[in-house]
Amino acid sequence: MSALPAVLGQQDSAKVKLIGEATDVCQAKGCWMTLQTADGKPMRVRFKDYAFFVPKDSKGKTVVIDGWAHREEISVADQQHYAKDAGKSDKEVAAITKPQQQLTFMADGVLIKN
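Named according to an unreviewed UniProt entry, the protein is DUF4920 domain-containing protein originating from Hymenobacter jeollabukensis.

As structure tokens, then:
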């Protein structure tokens, strides 16, 4: 994860393999997780073609992800959806009122280390 800024540079996306700790996982289905970037911000990891999920208890585990890192703007509706999936309160969900620029990741595969 610490090398990602250098690899991505000024590009909008890059094909990479990363190792990091899952800092959050979708509690509805395991359909996304987040990893912390070098600057301390969360990077949402989704799974290509919605073809697979991760166990909901993967938070705190080391993961290896392979796929594409992207810079993109996340809409208010999507942020609120992710907050609900993460088990946030209605008050926390309602506090999301602005689109946000984020680094995201579309994974072709995920390895969870024990």
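Novice: I keep staring at the pattern of salt bridges and nothing clicks. Help me out?
Specialist: Opposite charge on two side chains lets them pair, provided their charged atoms get close. All told, the structure shown has three salt bridges when counted by the stated rule. For the salt bridge of Lys15 with Asp66, the shortest nitrogen-to-oxygen distance reads 3.3 Å. Of this pair, Lys15 sits in strand S1 (residues 13–25) while Asp66 sits in strand S4 (residues 62–74), and the two are 51 residues apart along the sequence. Here Lys15 falls in the partly exposed class, since its relative accessible area comes to 42%. In this structure, the salt-bridge partner of Arg46 is Glu72, at a minimum N-O distance of 3.5 Å. Residue Arg46 is found in strand S3 (residues 42–47), and its partner Glu72 is found in strand S4; the two are separated by 26 residues along the sequence. We classify Glu72 as partly exposed; its relative accessible area is 26%. Here the residues in one salt-bridge network are Lys15, Asp66 and Asp108, joined through shared partners.

Novice: Help me out: how do you make sense of the environment of Asp90 in this one?
Specialist: Within the secondary structure layout, Asp90 lies in helix H3 (residues 90–94). A C-alpha to C-alpha distance of 16 Å links Asp90 and Gln27, two positions 63 residues apart in sequence.

Rules behind the numbers
Residues numbered from 1 in each chain as written. Predicted model: local features only at pLDDT ≥ 70, side-chain atom pairs only at ≥ 80, totals over all residues. Heavy atoms only, no water. Salt bridge = Lys/Arg side-chain N within 4 Å of Asp/Glu carboxyl O. Helix = DSSP H or I, 4+ residues; strand = E, 2+ residues; numbered from the N terminus. Buried < 20%, exposed > 50% of the residue type's maximum accessible area, 1.4 Å probe, protein only.

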